[in-house]
Amino acid sequence: MSDVPPRSLALLGGGFSTEEDGLLDDWLLRQARTSRPRVCFLPTASGDAPAYVEKFLSAFGARPSCAPSVLPLFQRTLDDEALRAFLLAQDVVYAGGGNTANLLAVWRVHGVDRLLREACDRGTLLCGISAGANCWAAASHTDSFGPLTSLPDGLGLLPGSVCPHYDGEPGRRPSFRSAVASGELPAGWALDDGTGALFVGGRLRETVTRVPGARVYRVEPDGTGSGVHERALPCRGLSDQPTAPEGFR
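Residues numbered from 1 in each chain as written. Predicted model: local features only at pLDDT ≥ 70, side-chain atom pairs only at ≥ 80, totals over all residues. Heavy atoms only, no water.

Undergrad: Which residues make up the overall build of the protein chain, and what values go with them?
TA: Across its full length, the protein chain carries seven helices and 14 strands. The C-alpha atoms of the protein chain give 17 Å as radius of gyration, which agrees with the globular expectation for 249 residues (18 Å, within 12%). By principal-axis analysis of the C-alpha atoms, the protein chain measures approximately 50 × 45 × 40 Å. Counting only residues that meet the buried cut, the protein chain has 53% of its 249 residues in that class. Sequence-distant contacts in the protein chain: of pairs separated by 6 or more residues, those separated by 24 or more amount to 68%. Entry remark: accessible area of the protein chain is about 10,800 Å², with carbon and sulfur atoms responsible for 51%. Averaged over its 24 positive side-chain charges, the protein chain has a centre that lies 5 Å from the centre of its 28 negative ones. (Helix = DSSP H or I, 4+ residues; strand = E, 2+ residues; numbered from the N terminus. Rg over C-alpha atoms; globule rule 2.2 N^0.38 Å. Buried < 20%, exposed > 50% of the residue type's maximum accessible area, 1.4 Å probe, protein only. Contact = heavy atoms within 4.5 Å. Areas by Shrake-Rupley, 256 points an atom, 1.4 Å probe, with all protein chains shown as cover. Lys, Arg positive; Asp, Glu negative; His and termini not counted. Charge placed at Lys NZ, Arg CZ, Asp CG, Glu CD.)

Structure, rendered in structure tokens:
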């Protein structure tokens, strides 16, 4: 019997950078493999913005239930050996929002993409918001190049595509639906702001929300070349008891 843990990934439609109640981040920490996880923030997509880093440290440093750290890459201080050791020691890697295409390019230049795959295969929970959610999938819906467009160039740790801000930014929903309908993007997952989705072994395990009415959606082409099947998945309110999403138990 194999002792290799299944890959665990969490897509976030919120968290410390957009909300003050901490509900999504508390839920996230409960998914880690240990009761006091080491949580590393990767602010790459924002260019390692100091204010973003400070906000993470303020939010997670106040939690006795975790040990936070930050990995800057624009002023990198770790050599290759130390970088690998640092990332493999993390229980949770939390990728921040910003520019998805830039994030992927920088990670690849520094070999972080390979190290994150290795960490995930060893049981590290990978997660993130916006660009930090897009990056884990095979493809994503992004404004990295200005207008909303498709980016079929993700890490592929999660099959299919991801679209963040499904209800939070004008044009997101129709643009993602059009891309999936035409085959420009593969079938995938769309997240309203305020929601979260946990995947274990490539399968959806749980969907949650801190906002009444907010949902996670499964979006698939309908076979006509011009339409989609969009299914809203029931999300557990973060004060409710856990349940598996209907149709994915």
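The rest of the description comes next.
Undergrad: Go over the side chain of S130 with me, naming the residues and quoting the values.
TA: Mapped onto the secondary structure, S130 falls in the loop between β5 (125–129) and α6 (131–134). Residues contacting S130, with those up to four places away along its chain left out, are L12, G97, P164 and H165.

Undergrad: Tell me about the sheet that holds strand β7 (residues 149–151), residues and numbers included.
TA: Read across the sheet, six strands follow the order β7-β6-β8-β9-β12-β13 without closing on themselves; strand pairing throughout is mixed. Looking along the sheet, the strands with just one partner apiece sit at the ends: β7 and β13 (228–233). Going across the sheet, the axis of each strand differs from the next one's by a mean of 25°, ignoring polarity. Alignment of strand β8 (residues 158–163) against strand β9 (residues 188–191), held across three bridges, turns out to be parallel. (Pairing = 2+ DSSP bridges. Axes fitted to C-alpha atoms, helices over the stretch in contact; angles between N-to-C directions.)

Undergrad: Break down the packing of aromatic side chains for me, with residues and values.
TA: Enumeration according to the criterion identifies 15 aromatic pairs in this entry. Taking the centre distance of 5.8 Å and the plane angle of 35° together, the rings of F16 and Y52 count as tilted. Highlighted residues: F16 in the loop between β1 (8–12) and α1 (23–30) and Y52 in helix α2 (residues 50–61), separated in sequence by 36 residues. A relative accessible area of 13% places Y52 in the buried class. Ring centres of F56 and Y94 lie 6.4 Å apart, and the angle between their planes is 65°; this geometry places the pair in the edge-to-face category. Remark: Y94 occurs in strand β4 (residues 92–95) and F56 occurs in helix α2; sequence separation between them is 38 residues. For the pair shown, F56 and Y94 are each scored as buried. Above the plane of the ring of F60 lies R63, whose end atom (NZ or CZ) is 5.0 Å from the centre. (Phe/Tyr/Trp six-rings, centres within 6.5 Å; stacked < 30°, edge-to-face > 60°. Lys NZ or Arg CZ within 6 Å of the ring centre and 35° of its normal.)

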